Structures are given as C-alpha cells and as structure tokens.
Amino acid sequence: MTIATTTSTRASGSFMRRAFDRMIEARSVQARRYVNGYLLSLDDATLSAHGYDREQLEREGSATSAF
C-alpha cells in the first residue's frame, strides 16, 4: 500500500509575496517622505524650475528624521 502526500507551498508563497509587497510599499512611502523633506527645504523658484509644487509636497508629507 502506497500513500502519496503532496506539499503545497502555494499558500505560504502568496503570504510571502503579500508580505514582501507590503514591505516594498512601506519603504517606498518612507523614501518619498524623506525626499519631500529635502525638496521642501528648497526655494519656490527652484521647485517650480524642476516641476514641483510646494503645496503638493506639503500635502504628501515629509519626514525629517533618517529613520
């Protein structure tokens, strides 16, 4: 008598994919806020010359710490 067992990594694979995607999204948001903090330190003429709007950057938020 032979018993066949199969192991599916499908469920854990989707969990890992979702966890990885969420980690990437969180780091992307953190990077955008860090960059926005620097951009907000520039004057309005420089921002507009490079296609940025101060009000939009302020709405998106900024992070002043390196963490």
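Quantities reported herein were computed from a predicted structural model and do not represent experimental measurements.

## A short note on the overall build of the chain
Helix and strand content of the chain: 3 helices and 0 strands. In the chain, which comprises 67 residues, the proportion classed as buried is 9%. For the chain, the exposed area adds up to about 6000 Å²; of that, 56% sits on carbon and sulfur atoms.

## Quick word on the pattern of salt bridges
Any two side chains of opposite charge can pair, given that their charged atoms come close. Under the defined criterion, the tally for this structure stands at 3 salt bridges. For Asp44, the salt bridge is made with Arg54, and the minimal N-O distance between the two is 2.5 Å. On the criterion of sequence distance, the pair formed by Asp44 in helix H2 (residues 44–49) and Arg54 in helix H3 (residues 54–60) is long-range, its members being 10 residues apart. Taking relative accessible area as the criterion, Asp44 reaches 49% and is therefore assigned partly exposed.

## Overview of the confidence of the model for the chain
Residues of the chain with pLDDT of at least 70 account for 76%, and the chain-wide mean is 83. Within the chain, the lowest mean pLDDT, 89, falls on helix H1 (residues 10–39), and the highest, 94, falls on H2.

## Things to note about the environment of Gln30
With respect to the secondary-structure elements, Gln30 resides in helix H1. Here the alpha-carbon distance between Gln30 and Ala63, two residues 33 residues apart in the chain, equals 7.7 Å.

## Points about the side chain of Arg54
In this structure the side chain of Arg54 is engaged in a polar contact, spanning 2.4 Å, whose partner is the backbone oxygen of Leu42. Beyond its immediate stretch of four places on either side in the chain, Arg54 contacts Leu40, Leu42, Asp43, Asp44 and Leu47.

About the cut-offs
Residues numbered from 1 in each chain as written. Predicted model: local features only at pLDDT ≥ 70, side-chain atom pairs only at ≥ 80, totals over all residues. Heavy atoms only, no water. Helix = DSSP H or I, 4+ residues; strand = E, 2+ residues; numbered from the N terminus. Buried < 20%, exposed > 50% of the residue type's maximum accessible area, 1.4 Å probe, protein only. Areas by Shrake-Rupley, 256 points an atom, 1.4 Å probe, with all protein chains shown as cover. Salt bridge = Lys/Arg side-chain N within 4 Å of Asp/Glu carboxyl O. pLDDT = per-residue confidence, 0-100. Polar contact = N/O pair within 3.5 Å; in protein donor to acceptor, adjacent residues only side chain to side chain. Contact = heavy atoms within 4.5 Å.

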